[in-house]
Amino acid sequence: MTESQVTPLARRVDVRGPKFGAAVTTVVLVVVLATGSGWLLAAQAAVFAIGAGAGLRYAPYGLLFSRLVRPRLGPPPAFEDEVPPRFAQGVGVLFALVGAVGYLAGAPVVGIVATALALAAAFLNAAFGFCLGCEMYLLLVRLRKRGA
């Protein structure tokens with residue numbers, strides 16, 4: 001992603017941080033699918049909401065990364081704009097809320113489908129570094145520029 005595709009004064013984050021968060025999210029979502037826990041999925045929705053609203057540095061998994069993981073790694077190989085991953089966290093909130101409501105309201109199929117979709121996105125980022133929500137953000141930016 002280039003500077004011109006995103007907000008010019010956005011905060012930059014270590015590229016490994018969002019990937020770490022996606023790995024933890026993957027584990028949490030696998031546990032949700034295995035247990036059908038709407039409450040655990042609601043907690044994951046809160047994690048997503050903090051990341052989307054306050055920023056990745058303040059999200060629980062971001063704090064874990066910056067305090068426990070990053071000090072044990074070498075210098076960051078690169079930094080990325082924080083805006084696309086924050087957008088992705090917002091998309092995650094929507095899927096997690098729909099899934100949690102589904103589980104808690106007695107509609108487990110809704111919970112399973114929403115959780116599985118969120119899991120697919122988290123796994124893509126954790127395993128391959130492909131952030132589906134980030135790509136959605138960049139596509140929306142390009143479409144908005146075309147329409148302007």
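Right above here is the structure, for reference.
Okay, so let's go over this structure.

What counts and what doesn't
Residues numbered from 1 in each chain as written. Predicted model: local features only at pLDDT ≥ 70, side-chain atom pairs only at ≥ 80, totals over all residues. Heavy atoms only, no water. Axes fitted to C-alpha atoms, helices over the stretch in contact; angles between N-to-C directions. Helix = DSSP H or I, 4+ residues; strand = E, 2+ residues; numbered from the N terminus. Parallel < 35°, antiparallel > 145°, perpendicular 65-115°, else oblique. Left-handed = near helix turned anticlockwise from the far one by under 90°. Contact = heavy atoms within 4.5 Å. Nonpolar A, V, L, I, M, F, W, Y, C, P; charged D, E, K, R; others polar. Disulfide = S-S within 2.5 Å. Buried < 20%, exposed > 50% of the residue type's maximum accessible area, 1.4 Å probe, protein only. Core = buried A, V, L, I, M, F, W, Y, C linked by side-chain atoms within 4.5 Å.

Take the packing of helix 4 (residues 83-104) against helix 6 (residues 132-147) next. Across the interface, helix 4 lies against helix 6 with an axial gap of 7 Å and an inter-helix angle of 110°. It follows that helix 4 is roughly perpendicular to helix 6 by the angle criterion. Judged by the twist between their axes, the crossing of helix 4 over helix 6 is right-handed. Contacts between helix 4 and helix 6 involve Val83, Pro84, Pro85, Phe87, Ala88 and Val91 from the first element and Gly133, Cys134, Met136, Tyr137, Leu138 and Leu140 from the second. Classifying every residue of the contact of helix 4 with helix 6 by side-chain character gives eleven nonpolar, one polar and no charged.

Moving on, we get to the state of the cysteines. Inspection of every chain in the model, using the stated rule, returns one disulfide. Disulfide pairing is shown between cysteine 131 and cysteine 134; the S-S distance is 2.3 Å. Note on the cysteine 131 and cysteine 134 pair: the S-S dihedral is about 70°, so by sign convention the disulfide is right-handed. Of the two residues examined, cysteine 131 and cysteine 134, each falls in the buried class.

By size, the foremost hydrophobic cluster in this structure holds 15 residues, and its most contacted members are Leu29, Val32, Leu41 and Ala96. For this core, the elements supplying multiple residues, two or more each, are helix 1 (16-35), helix 2 (38-53), helix 4 and helix 5 (108-128). Other than its neighbours up to four places away in sequence, alanine 96 contacts Leu41, Ala45 and Phe48.

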